[in-house]
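# Summary of the model geometry
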Amino acid sequence: MSAWRDRFLADASAWRAAGLERTRRVVRPVSATAVEIDGKLITAFASNDYLGLSQHPRLIEAIAEGARRFGAGSGASHLVSGHHAVHDALEHELARFAGMPAALACMNGYVANLALLTTLAGEGDEIFSDQLNHASIVDGTRLSRAAVKLYPHADADALEAQLKSSRAAHKLVVTDAVFSMDGDVAPLRELLWLAERHDALLVVDDAHGLGVWGPEGRGSVRALGLDSERIVYMGTLGKSAGLSGAFIAADRLIIERLIQRARTYVFSTAASPALAHATITALELIRSAQAERARLAAHRDRLQEASPAWRPYRLLPSSTAIMPLIIGGNTETVRIAEALLQMGLWAPAIRPPTVPAGSARLRITLSGAHSDDDIERLIAALSQVIDRAAVPQA
Ligand SMILES: *Cc1c(COP(=O)(O)O)cnc(C)c1O
């Protein structure tokens, strides 16, 4: 053990010295936007629960009702005996929600991306991946054994040049629809056009678009009205949907291939039927959350309007619920986040390796459940904290 211990201790102290050490804050939810930490009430701008559904009474009741009606656990993988009627009903609803021919429910978005990328592409194929894609996409591309080309962030022209020079018979383009740390969006229409020109699949990870964007919150692809058998849509259910889980919606041929071959699907126990039942309710709640989506947009506009006061720090332009305030240095970012926390406000410090070195930030996430007063308190606190901040260190 001692050589291992020495190594782990040395790694841990280097990690700490670089300002990379994370601490998990133990939270007790008080409402959709407030948590108790060490007995103190904190308003959080830290969650991806963009519509406040995680604390919605109907959703909470749906989990309880689902467990009473269908049981607490599924008992087996989908291909053995774990595919309950309620899972089947959910997949039908997910396909309808996404406006796609078929859907497959998955345990979470991380696993869904591994399933997609390892099942749709393999040795001899080529995957084109945006350089800021989520870690689960990065890991999926690595596991796939396909050749991987990163293209410059959201740069359709650069992607086109790469596609043109590719000699792979099977090409796959993969992108976050909304980038999780920057809050900006992919040029999906251009990417689809390129996929069509170059006979590629287009995998769209809509973890942060679903619920927030599009008619009835049905996500980025529906927002743009894109229809193509080349689109493979991945939506997650742990963010706006307020639960946990994910799904893949696509052409039937693709969904059937995943059912047959995706190892994360075949060799894993099906999710609780109670969760599947609740997810059907979550989809209904998302569709009817027009007021929450409108409030979210108003909060975003208000924050944007107040942001010049926080110079030299820069609030990235966003059309989503993710509003990153770029600080730069790790230590400075943590210091500002701590000062906010002292004032009862929580906007997490996001540091490398989650974001590129030198671009540490406060990742402010808004929810339709935030009140106007929550937003004003955040604005006032940021102005006060930043006013007192030293010149930013690199
Ligand atoms: C959160 C996230 C995932 C992972 O989804 P989980 O359901 O949390 O595992 C995948 N992709 C993106 C872009 C995400 O933000």
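The structure we're discussing is the one just above.
Residues numbered from 1 in each chain as written. Predicted model: local features only at pLDDT ≥ 70, side-chain atom pairs only at ≥ 80, totals over all residues. Heavy atoms only, no water.

## Describing empty space enclosed by the protein
The full count for this structure, using the stated rule, is one cavity of 30 Å³ or more. Quantified by volume, the largest cavity comes out at close to 170 Å³. As for the largest cavity, its lining consists of 21 residues, and the residues nearest its centre are His78, Ala105, Cys106, Met107 and Ala271. Considering each element in turn, the lining of the largest cavity owes the most residues, three residues, to helix 12 (residues 273-287). When grouped by side-chain class, the residues that make up the lining of the largest cavity number twelve nonpolar, nine polar and no charged. (1 Å grid on protein atoms, 1.4 Å probe; cavity = no way out; pocket = protein on both sides within 12 Å on 5 of 7 lines; lining within 4 Å. Points joined across faces, edges and corners; volume = space filled by probe spheres on them. Helix = DSSP H or I, 4+ residues; strand = E, 2+ residues; numbered from the N terminus. Nonpolar A, V, L, I, M, F, W, Y, C, P; charged D, E, K, R; others polar.)

## Details of the site of the ligand
Neighbouring residues of the ligand: 14 residues in total, closest Gly109, Tyr110, Asp205, His208 and Lys239. Histidine 134 has a polar side-chain atom sitting 3.5 Å from a nitrogen atom of the ligand. Contact distances for the ligand include 2.5 Å between an oxygen atom and a side-chain N or O atom of histidine 208. Protein contacts shield 83% of the accessible area of the ligand, which totals 370 Å² for the unbound molecule. With three residues, the top contributor of residues to the shell around the ligand is helix 5 (residues 109-120). (Near = heavy atom within 4 Å. Polar contact = N/O pair within 3.5 Å; in protein donor to acceptor, adjacent residues only side chain to side chain. Areas by Shrake-Rupley, 256 points an atom, 1.4 Å probe, with all protein chains shown as cover.)

## Side note on the sheet that holds strand 1 (residues 28-29)
The four strands are arranged 1-2-3-13 in an open sheet whose pairing can be described as mixed. The sheet is open, and its two edges are formed by strand 1 and strand 13 (345-346), each paired on a single side. By the bridge criterion, four bridges tie strand 2 (residues 34-37) to strand 3 (residues 40-44) in an arrangement that is antiparallel. Within the sheet, the bridge partner assigned to glutamate 36 lies in strand 3 and is leucine 41. (Pairing = 2+ DSSP bridges.)

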